[in-house]
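Each chain, written out:
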Amino acid sequence: MYENANIETIARGVFIREGRLLVCLPKQGGRCYLPGGHIEFGERGREALVREIQEELGVTAEVGRLLAISEDAFDQAGEPHCEINLVYEMTIPILGDEPAAQEDWIAFRWVPCTEMALRKANLLPAHLIKELTHLSLPAELGEWPLPDNA
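Residues numbered from 1 in each chain as written. Predicted model: local features only at pLDDT ≥ 70, side-chain atom pairs only at ≥ 80, totals over all residues. Heavy atoms only, no water.

Take the overall build of the protein next. Along the backbone of the protein there are 3 helices and 9 strands. The order of α-helices and β-strands along the protein, N terminus first, is β-β-β-β-β-α-β-β-β-α-β-α. When each of the 150 residues of the protein is scored for burial, the buried share is 43%. By sequence separation, contacts in the protein at least 24 residues apart represent 64% of the contacts at least 6 residues apart. Put simply, the protein shows about 8700 Å² of open surface, and 52% of that area lies on carbon and sulfur atoms. (Helix = DSSP H or I, 4+ residues; strand = E, 2+ residues; numbered from the N terminus. Buried < 20%, exposed > 50% of the residue type's maximum accessible area, 1.4 Å probe, protein only. Contact = heavy atoms within 4.5 Å. Areas by Shrake-Rupley, 256 points an atom, 1.4 Å probe, with all protein chains shown as cover.)

See below:
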């Protein structure tokens, strides 16, 4: 259908601390997304996420279970584009309230993990917002679609 469509596979991390979700955003603004980045050839998703967090924040992340797989198709700069996101639990043991990005085109911030706040922040992919808000609930109340052993 689209001869020049781009399909990217990305590892992203969900890090919630004190009811706030860590998000990444371009400094020019407009939208935000879960931290992470492209999976390189021969690399596993968890490895890519650890590498990307090291490159972008200068710290080592601990990556847990796979929470979701998300597919999105959209236009980017007038071209068809597709992402397959592997979304993992993630913690970063040493990370302050104002995380400093190691790359000059991005920034990181904490957003309250509520549906209203994540929609206002323009979190993409938007279809994950409801699931993310469940993660800030007590464990027995919030569940993701994948089992622990995924």
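Among the nonpolar cores identified, the biggest contains 21 residues, and Phe15, Leu22, Ile53, Leu57, Met90, Ile92 and Leu95 are the most heavily contacted of them. Of all elements in the fold, only β3 (20–26), α1 (45–57), β7 (79–91) and β8 (106–112) reach the threshold of two or more residues within this core. The biggest single contributor to this core is α1, with 4 residues. When near neighbours in sequence (up to four residues on either side) are disregarded, Ile53 contacts Pro35, Gly36, Gly58, Val59, Ala61, Met90 and Ile92. Val87, Cys113, Leu118 and Leu123 belong to the second largest nonpolar core, which has 18 residues in total. (Core = buried A, V, L, I, M, F, W, Y, C linked by side-chain atoms within 4.5 Å.)

Another aspect to go through is the pairing of strand β1 (residues 6–14). For β1 and β7, the ladder comprises 9 bridges, and the chain directions are parallel. The residue bridging Val14 from the neighbouring strand is Glu89, located in β7. Where β1 lies against strand β5 (residues 36–38), 3 bridges are found, and the strand directions are antiparallel. Pairing of Ile10 across the sheet is with His38, part of β5. (Pairing = 2+ DSSP bridges.)

Here the residue pair Leu124 and Pro125 is connected by a cis peptide bond, since its omega of -5° sits within 30 degrees of zero. In this structure, Pro125 sits in the loop between β9 (123–124) and α3 (129–135). Even without a glycine there, the phi angle at Glu18 is positive, about 55°. Within the element layout of this structure, Glu18 appears in the loop between β2 (16–17) and β3.

What follows concerns α1. The terminal C-alpha atoms of α1, which comprises 13 residues, lie 18 Å apart, in line with the 18 Å expected from a rise of 1.5 Å per residue. Inspection of α1 places Gly45, Ala48, Leu49, Arg51, Glu52, Ile53, Glu56 and Leu57 among the buried residues, and these make up the whole buried set. Lining the buried residues of α1 we find β1, β3, β5, β6 (62–76), β7 and β8. Two residues or fewer past α1, Gly58 is found with a positive phi of approximately 75°. (Expected span 1.5 Å × (residues − 1).)

Our focus in this paragraph is the confidence of the model for the protein. Mean pLDDT over the protein: 86, with 87% of residues reaching 70 or higher. Model confidence for the protein, summarised as mean pLDDT per element, is weakest for α3 at 82 and strongest for α1 at 98. Low pLDDT, under 50, characterises residues 138–150; the predicted model gives this stretch 17 contacts beyond four residues in sequence or across chains. (pLDDT = per-residue confidence, 0-100.)

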